Structures are given as structure tokens and as C-alpha cells.
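Next come the chains, spelled out residue by residue.
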Amino acid sequence: MTLQNKIYRDLPAGQSSADALALRFGKRKKDVDLVLERMEKEGIVMSFPIPCGILVWRLRPART
């Protein structure tokens, strides 16, 4: 399973940081960041900062 597929299957459970995703998948944060940035350009995920200064990711709502 590709890293993108793992992320896509993980995020429906809730938002997550790239650090947390990297830990769960045993990957480098740099690799997770690259995939998340590509997924954001494709409109699959969105990112936003939370008050403690961490950038979190979540799936974009399905377009109707």
C-alpha cells in the first residue's frame, strides 16, 4: 500500500499532524510532508494550524 493510500485511510478517523502520521507508518516526516503537500494540491486534504502551533491535516469534505 502506498503512503498516500495509508494517509487516505487514516485521516477519516480525525485530523493528524505529519509527525503523528510518520510515527504510525514508520516513515520519515519529510516523506509524509511531501505526500501531504501533493494531496493538498490535488484537493484531497487540507491543512490548518491549531493554537499550539502544530499544523494538522484532515480530509476535504466530498464535493457534491
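Residues numbered from 1 in each chain as written. Predicted model: local features only at pLDDT ≥ 70, side-chain atom pairs only at ≥ 80, totals over all residues. Heavy atoms only, no water.

Draft legend 1. Structural view of the overall build of the protein. The secondary structure content of the protein amounts to three helices and three strands. The secondary structure elements of the protein, listed N-terminal to C-terminal, are α-β-α-α-β-β. Rg of the C-alpha trace for the protein: 11 Å, near the compact-globule value of 11 Å for 64 residues, within the 12% margin. Each of the three principal axes of the protein carries a C-alpha extent, and together these read 35 × 35 × 20 Å. The buried share among the 64 residues of the protein stands at 28%. When contacts within the protein are restricted to residue pairs at least 6 apart in sequence, long-range pairs at least 24 apart make up 41% of them. Summed over all atoms, the accessible surface of the protein reaches about 4500 Å², with 53% contributed by carbon and sulfur. (Helix = DSSP H or I, 4+ residues; strand = E, 2+ residues; numbered from the N terminus. Rg over C-alpha atoms; globule rule 2.2 N^0.38 Å. Buried < 20%, exposed > 50% of the residue type's maximum accessible area, 1.4 Å probe, protein only. Contact = heavy atoms within 4.5 Å. Areas by Shrake-Rupley, 256 points an atom, 1.4 Å probe, with all protein chains shown as cover.)

Draft legend 2. View of the pairing of strand E3 (residues 55–59). Inspection of the sheet shows strand E1 (residues 16–17) paired to E3 by two bridges, in the antiparallel sense. Within E3, the position partnered with Ser-17 by the bridge is Val-56. The pairing of strand E2 (residues 45–49) with E3 spans five bridges and is antiparallel. By the bridge assignment, Met-46 is partnered in E3 with Arg-58. Between the end of E2 and the start of E3, which pair antiparallel, lie five residues, with Gly-53 showing a positive phi angle near 95°. (Pairing = 2+ DSSP bridges.)

Draft legend 3. Region of interest: the packing of helix H1 (residues 3–10) against helix H2 (residues 18–25). In the contact formed by H1 and H2, the axes pass within 11 Å of each other and the chain directions differ by 110°. The pairing of H1 with H2 is recorded here as roughly perpendicular in orientation. The interaxial crossing formed by H1 with H2 has right-handed handedness. Residues Leu-3, Lys-6, Ile-7 and Asp-10 of H1 touch H2, and the partners they reach there are Leu-21, Arg-24 and Phe-25. Classifying every residue of the contact of H1 with H2 gives four nonpolar, no polar and three charged. (Axes fitted to C-alpha atoms, helices over the stretch in contact; angles between N-to-C directions. Parallel < 35°, antiparallel > 145°, perpendicular 65-115°, else oblique. Left-handed = near helix turned anticlockwise from the far one by under 90°. Nonpolar A, V, L, I, M, F, W, Y, C, P; charged D, E, K, R; others polar.)

Draft legend 4. Main features of the nonpolar core. Counting 13 residues, the largest nonpolar core has Ile-7, Leu-21, Val-32 and Leu-36 as the members making the most contacts within it. Put simply, the parts of the chain that give this core at least two residues each are H1, H2 and helix H3 (29–41). When sequence neighbours within four positions are dropped, the list of residues in contact with Leu-21 reads Ile-7, Asp-10, Leu-11, Ser-16, Val-32 and Leu-36. (Core = buried A, V, L, I, M, F, W, Y, C linked by side-chain atoms within 4.5 Å.)

Draft legend 5. Structural detail: H1. When H1 is considered as a whole, its buried residues turn out to be Leu-3, Ile-7 and Asp-10. Down the axis of H1, the sector holding all buried residues measures 65°, keeping them to one side. If you follow the buried residues of H1, they end up packed against H2 and H3. (Arc of directions from axis to C-beta.)

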